[in-house]
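Each chain, letter by letter, is given below.
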Amino acid sequence: MRIDIAKVMCLSSCSYESCIKEEIGGKASSIIDIQKTSGVNVPKGFVISSSLFFDFLEGAGYKSLLIELFKKKDFNQIQGLREKFKSYCYEKQQIDRLSLILSKSIEQYDFLEVAVRSSYALEDGDSNAFPGIFLTSLDVMPKDIPEKIVLCWLSAFSDDALDYFSNIEGTVPLLGMAVIIQEMIIRPRYSGVAFTRNPMTGNVDEIYIEYHHGNCSEIVDGKVTPKSATFIKPIDINNFKLYKEEFYYNLCSILINLDDNSDSGVDVEWSISEDGSLFILQSRPITVKAKDDYYFSSRNSISLWLNDSIATNTIAKDYLMADEYCYNIETIDYVKSGYFERYKSSKDIARRTAYGYKLLNIDFLNSIKLCIETIYHQTWLFFNEIYNIDYESAS
C-alpha cells in the first residue's frame, strides 16, 4: 500500500513558497496567510492537499470523465458518479489507506476532537466564494476523521455545489478539494463572528461582532440568539473599560490588524478557549456590501448571524447575500439556493417567515396567506424531487 505522507502538511509550517493555493485550497491559504502576516493564533492542525482527492478520483476511474463533465456542465451525470465515488471511498481498503496516511499527523497532535473543514480551490475567495456550500464537520473523534474527509470530498459534488457551479458563467473546471483538520476548542468561553466593516450599514469605520457562550455552530443552526456589539475605528482601550466582556479589545485589535492587510475587509470566525486564549478559526474577504434597501435588525428579537456573508437566521426584505442567495419576498423564491435545507420543519419555516413579514409591516391576514403559499410551494418542490413531477404543470 502506498503511503502519501507528502500530501499531509502542517498548517503552521506551510507557506506559499512550498504549496500553491490549488493544492491547499482557499480556506487553508487564508489561515496560513493570517498566521504569517498578523501572527494570530489558529487551532493547531494540518491540511490534506487536493492531490490526494485527485488520487482517489483517479483510483476510482472517474477523474478524466469528471473533468470533461465539468467542462460541459453535465451535472446530471456528475450526480450519478458522486454515488459511485462514495462507494469506492468507503471500501475498507480505501479507508485503511486514508487512516495510514493520517496516522503520523494524528499521533503527533494527540487530538481529542477535531473540526474537519473543506478547503476548495476557490473557497473564501474574492469572487465565487462558495458560501456555506461545502462541508464542515465539528466535534469529530480522531478515529472518524477518514470518513469525514470522504464527506468533505463528496461535498464538491453535492446538489448545492452543483447548483452553485451551474450559475457560474462560462466553463467550470474540476478543481481540487483539500481538507483541513484542526483541533476543536473544547468548551469555549465565547465563540462568534466579526466583520471589520459593518455589513448592515456599509460603514467601513465600524467593527461588528456577534458572539455567545459555546460553539459557533449553535448560532449558525439557530439554536441560540447571539449578543452583538459595534465599535468605531480607530479603537481606543479607554473606550472598552465600560464593557464587562474582557475579550473585546483584544479581538478588535486583531481585527484591525487583519483589516489593514485586506482590500475589502474580512469576515472572521473566532473562539476563546477555557484558559482565555483567543483563536481565529477562519478568515475570508467580505464579498457583499450592505445596501440601503436591505433591512436587518437584531433589536427585534431576530437573531442575525452572518456566516460566509449569508444571514441565515433573519428574514427581511432581502438577504445580505451573494446574488444567487437573495430571497425575494414578492415571488416567494426561496429555493434557488436550497435555502430551506437549513431548516428542520414547516413549523420553523412558518415561525421565521412570520417574523420576516412582521418586520415588513405586512398585515396579519396577508402574512398568513403568504406564509401558506411559501410552505405550499416548498412542499411541491419536495414532491417534485421525490416523485419526479413537474411543479409548474402539476400546480
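Residue indices follow the written sequence of each chain, beginning from 1 at its first position. Side-chain atom pairs in this predicted model are given and counted only at pLDDT of 80 or more, local residue features only at pLDDT of at least 70, and totals for whole chains, interfaces and linings cover all residues. Values shown for side chains rest on all heavy atoms present in the structure; no hydrogens or waters enter the calculation.

Colleague: Hey, could you run me through the overall build of the chain in this one?
Modeller: Helices and strands together make up the secondary structure of the chain, namely 12 helices and 12 strands. Only protein chains enter the accessibility calculation, which uses a 1.4 Å probe. A residue is then buried if its area is under 20% of the maximum for its type, exposed if over 50%, and partly exposed in between. Out of the 395 residues in the chain, the part that is buried amounts to 53%. The contact criterion used is simple: two residues touch if any of their non-hydrogen atoms lie within 4.5 Å. Partitioning the intrachain contacts of the chain with sequence separation of at least 6 by distance along the chain shows that 67% fall at a separation of at least 24. Counting from the N terminus, the helices are DSSP H or I runs at least four residues long and the strands are E runs at least two residues long.

Colleague: Whenever I open this one, the sheet that holds strand 6 (residues 190-195) confuses me. Can you help?
Modeller: Backbone-to-backbone hydrogen bonds join strands into a sheet, with any given pair of strands oriented parallel or antiparallel. Pairs of strands are assigned from DSSP output, requiring at least two bridges between the strands. Pairing is antiparallel in the open sheet, where 5 strands are placed in the order 8-7-6-9-10. Every other strand in the sheet has two partners, leaving strand 8 (227-232) and strand 10 (278-285) as the edge strands with one partner each. Across the sheet, the axes of successive neighbouring strands diverge by a mean angle of 20°, strand direction being ignored. Here strand 7 (residues 206-212) runs beside strand 8; their pairing, made up of 6 bridges, is antiparallel. Note on strand 8: the bridge partner recorded for tyrosine 208 is threonine 230. Here an angle of 0 to 180 degrees is reported between the N-to-C directions of two axes, which are lines fitted to C-alpha atoms, with helices fitted over the stretch in contact.

Colleague: Honestly, the side chain of glutamine 94 in this entry has me stumped. Any pointers?
Modeller: With respect to the element layout, glutamine 94 can be found in helix 5 (residues 92-109). The contacts of glutamine 94, once residues within four sequence positions are left out, are Phe56, Tyr88 and Cys89.

Colleague: Quick question: what am I supposed to make of helix 7 (residues 159-166) here?
Modeller: Along an α-helix, residues three or four apart share an orientation, since each turn contains 3.6 residues. Within helix 7, the full set of buried residues consists of Ala161, Leu162, Tyr164 and Phe165. An end-on view of helix 7 places all buried positions within 160° of arc, on one side of the element. Elements that come into contact with the buried residues of helix 7 comprise helix 3 (63-72), helix 4 (75-89) and strand 3 (114-120). For this quantity, the arc is that covered by the directions from the helix axis to the C-beta atoms.

Colleague: Would you mind showing me how to read the environment of proline 188 here?
Modeller: Relative to the elements of secondary structure, proline 188 occurs in the loop between strand 5 (177-183) and strand 6. When its relative accessible area of 10% is taken as the criterion, proline 188 is described as buried. When the C-alpha atoms of proline 188 and glycine 214 are compared, they prove to be 5.5 Å apart, with 26 residues separating the residues in sequence. Excluding its chain neighbours within four sequence positions, the residues that come into contact with proline 188 are Gly214, Asn215, Ser271, Ile272 and Ser273.

Colleague: Sorry, what's going on with the sheet that holds strand 2 (residues 45-48) here?
Modeller: Read across the sheet, 5 strands follow the order 1-2-5-3-4 without closing on themselves; strand pairing throughout is antiparallel. Strands at the two margins of the open sheet, each flanked by one partner only, are strand 1 (8-10) and strand 4 (136-140). On average, each strand axis in the sheet is inclined to that of its neighbour by 20°, with strand direction left out of account. Taken together, the 3 bridges between strand 3 and strand 4 define a ladder with antiparallel strand orientation. Considered in strand 4, the bridge of valine 116 is made with serine 137. Here helix 5 sits on the sheet in contact with strand 1 and strand 2, set at roughly 165° to strand 2.

Colleague: Help me understand a nonpolar patch on the surface, please; the structure alone is not making it clear to me.
Modeller: Like-charged residues within 9 Å of one another, or nonpolar side chains (Val, Leu, Ile, Met, Phe, Trp, Tyr) within 5 Å, are grouped into patches, provided each residue has over 30% relative accessible area and no salt bridge. Surface exposure here means Shrake-Rupley accessible area, sampled with a 1.4 Å probe, where a residue is shielded only by the protein chains that are shown. A pairing counts as a salt bridge when a side-chain nitrogen of Lys or Arg comes within 4 Å of a carboxyl oxygen of Asp or Glu. Residues Leu365, Ile368 and Ile372 make up a contiguous nonpolar surface patch of roughly 310 Å² in combined accessible area. For isoleucine 372, the position within the fold is in helix 11 (residues 364-387). Residue classification places isoleucine 372 among the exposed residues on the basis of a relative accessible area of 54%.

Colleague: I tried to follow unusual backbone geometry on my own but got confused; where do I start?
Modeller: Where the residue is not glycine, phi is negative for most of them; where a peptide bond is considered, it is trans in most cases. Here lysine 233 and proline 234 are connected by a cis peptide whose omega angle stands at -10°. Among the structural elements, proline 234 can be located in the loop between strand 8 and helix 9 (247-260). Even without a glycine there, the phi angle at aspartate 110 is positive, about 55°. Locating aspartate 110 in the fold gives a position in the loop between helix 5 and strand 3. By relative accessible area, aspartate 110 is classed as exposed at 59%.

Colleague: Got a minute to help me understand the packing of aromatic side chains in this structure?
Modeller: Between two aromatic rings, the relevant description is the distance of the centres plus the angle of the planes. We call Phe, Tyr and Trp rings a pair once their centres come within 6.5 Å, taking the six-membered ring for Trp, and we label the pair stacked below 30 degrees between planes, edge-to-face above 60, and tilted otherwise. With the rule as written, the count across this model stands at 24 aromatic pairs. An aromatic cluster is defined as three or more aromatic residues linked by ring pairs; in this entry it consists of Phe53, Phe54, Phe56, Phe70, Phe75, Phe85, Tyr88, Tyr120, Phe134, Trp153, Phe157 and Phe165.

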